[in-house]
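# Descriptive structure summary
Now for the letters of each chain:
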Amino acid sequence: MKRRQFISTASIATLAGVTGVSSRALASPEYRWKMVTTWPKNFPGLGTGANYLATLINEMSGGRIQVKVYGAKELVGALEVFDAVSRGTAEMGHGAAYYWKGKSRAAQFFSAVPFGLTAQEMNAWLYHGEGMTLWEEVYEPFGLVPGAAGNTGVQMAGWFNREINSVADLQGLKMRIPGLGGEVLKRAGGVPVLLPGGEIFSSLQSGAIDATEWVGPYNDLAFGLHKAAKYYYYPGWHEPGTTLECFINKKALESLPNDLQYIVRMALRVANQDMLADLTAKNHRALEQLVNVHKVQVKRLPDDVLGRLRTLSDEVVAEEAAQDPLTKKVFDSYLNFRDQVVPWHRISEQAYMNARSPG
Ligand code: CA
């Protein structure tokens, strides 16, 4: 028995040496968890963010929890992730809360709201405002514990095959833009189109759509969108700091001893911050490449267009919030926070950025 144990320990050590995997990760874990994701496996930024979170939990727990990540369709479909974790098929799910609007309208406020909070403000509302408590209330009926697991920062307005010089240019504009942003475009006279990521490029290239939004330079370059449209507009008024999420099956989380629960929660905090840093570093390099190598024309949406979109966004978001009491409660908290943080950020972040690079 002792000899067998010795041999198995020795072979684990050998294997670890060969593969470079730490031997403790090969020790038998106390908890084997599955993380299902709405992203294709290893998808830049989002899928890799999910991988990083799993690695953090594995390493921080000293191998006591082992999380295995599944790409979309590997275990369940991209939009089945919420239900799968709710019923316990997997312990964790990685996605974005606006995908679950059909489950709870209030969920949308925990991903992105047009003309809403930036990444920095969103984290402040979640961790040091009422955000996290409200999010927990919204996911409670589904047996899920939510957590922020990354942020894209301010996105780009998108890729356009025609110039936008005035509000009139939005008339009849066929654009791939999901969620509340799409509803706003519709009110401005445009035609929002829903398309999965994989069909965006061909639709833009064939002229089936005139424009599309995706994320920012890093993700957009990876998709090759610069080969299908001439103009790259900013700023991403519709997604000013999209929060990605990781929700956990409540029973599974509560079955962990306290130290492991704490490790899972802290791993989420680290992953949340890391994605923003990762995308910020990669976005500016990708932008340079788009402009200098691919000669993309980067343009700002005109003030009157942004003004019109802002007015319509306020209407759309308020109407959405009026649909049910829980959404209204979340909306009121979100909006109060925005109203309070704006005067401060006007004389801090905004004033500094303007001073550093005027115009
Ligand atoms: Ca987007």
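Structure: above.
Residues numbered from 1 in each chain as written. Predicted model: local features only at pLDDT ≥ 70, side-chain atom pairs only at ≥ 80, totals over all residues. Heavy atoms only, no water.

Moving on: the nonpolar core. Phe 110, Trp 125, Tyr 139 and Trp 237 are the most contacted members of the largest nonpolar core, which totals 56 residues. When residues of this core are assigned to their parent elements, the largest contribution, seven residues, is made by helix H12 (residues 303–321). Look past the residues within four positions of Trp 125 in its chain and what remains in contact with it is Phe 109, Phe 110, Leu 117, Glu 130, Gly 131, Met 132, Leu 134, Val 330, Ser 333, Tyr 334 and Phe 337. One finds Ala 54, Ile 57, Ile 65 and Val 145 within the second-largest nonpolar core, a separate group that totals 24 residues. (Core = buried A, V, L, I, M, F, W, Y, C linked by side-chain atoms within 4.5 Å. Buried < 20%, exposed > 50% of the residue type's maximum accessible area, 1.4 Å probe, protein only. Helix = DSSP H or I, 4+ residues; strand = E, 2+ residues; numbered from the N terminus. Contact = heavy atoms within 4.5 Å.)

Here we come to the packing of helix H6 (residues 131–139) against helix H13 (residues 325–347). Axis separation between H6 and H13 bottoms out at 11 Å; the angle between their running directions is 165°. In terms of orientation, H6 and H13 fall into the roughly antiparallel class. Taken as a pair, H6 and H13 cross one another with a handedness that is left-handed. Within the contact between the two elements, H6 uses Leu 134, Glu 137 and Val 138 and H13 uses Leu 326, Lys 329, Val 330 and Ser 333. (Axes fitted to C-alpha atoms, helices over the stretch in contact; angles between N-to-C directions. Parallel < 35°, antiparallel > 145°, perpendicular 65-115°, else oblique. Left-handed = near helix turned anticlockwise from the far one by under 90°.)

For the rest of this paragraph, the subject is the sheet that holds strand S9 (residues 211–212). Reading across from one edge, S8-S7-S9-S6-S10-S12 is the order of the six strands in this open sheet, with mixed pairing throughout. Here the strands that pair on one side only, and so sit at the sheet edges, are strand S8 (191–193) and strand S12 (297–300). In this structure, strand S6 (residues 158–160) lies alongside S9, joined through two bridges in antiparallel fashion. Counted as the bridge partner of Trp 159 is Thr 212 from S9. (Pairing = 2+ DSSP bridges.)

Attention shifts here to the environment of Val 167. Along the chain, Val 167 falls in the loop between S6 and strand S7 (174–176). Separated by 139 residues in the primary sequence, Val 167 and Ser 28 place their C-alpha atoms 61 Å from one another. Those residues within four positions of Val 167 in sequence are excluded, and the remaining contacts are Asp 304, Val 305 and Arg 308.

Here we come to the coordination of the calcium ion. Gln 155 (OE1), Glu 213 (OE), Glu 213 (OE), Trp 214 (O) and Glu 239 (OE) make up the full set of protein donors to the calcium ion, lying at 2.2 to 2.9 Å. For the calcium ion, all donor residues lie on one chain, and their spacing in sequence is Q-x57-E-W-x24-E. With Trp 214 in the loop between S9 and helix H9 (217–223) and Glu 239 in the loop between strand S10 (231–234) and strand S11 (243–249), this residue pair connects regions lying 25 residues apart in the sequence. Taken individually, Trp 214 and Glu 239 each receive the classification buried, so the pair is uniform in this respect. (Donors = N, O, S within 2.8 Å, 3.2 Å for Na, K, Ca; no water.)

In this section: the packing of helix H5 (residues 119–128) against H13. Relative to each other, H5 and H13 sit at 125°, their axes nearing to 11 Å. The angle between the axes of H5 and H13 places the two elements in the oblique class. In this structure, H5 crosses over H13, and the sense of that crossing is right-handed. Residue-level inspection shows Gln 120, Glu 121, Met 122, Ala 124 and Trp 125 of H5 in contact with H13, the latter providing Val 330, Ser 333, Tyr 334, Phe 337, Val 341 and His 345. By residue class, the composition of the contact of H5 with H13 is seven nonpolar, three polar and one charged. (Nonpolar A, V, L, I, M, F, W, Y, C, P; charged D, E, K, R; others polar.)

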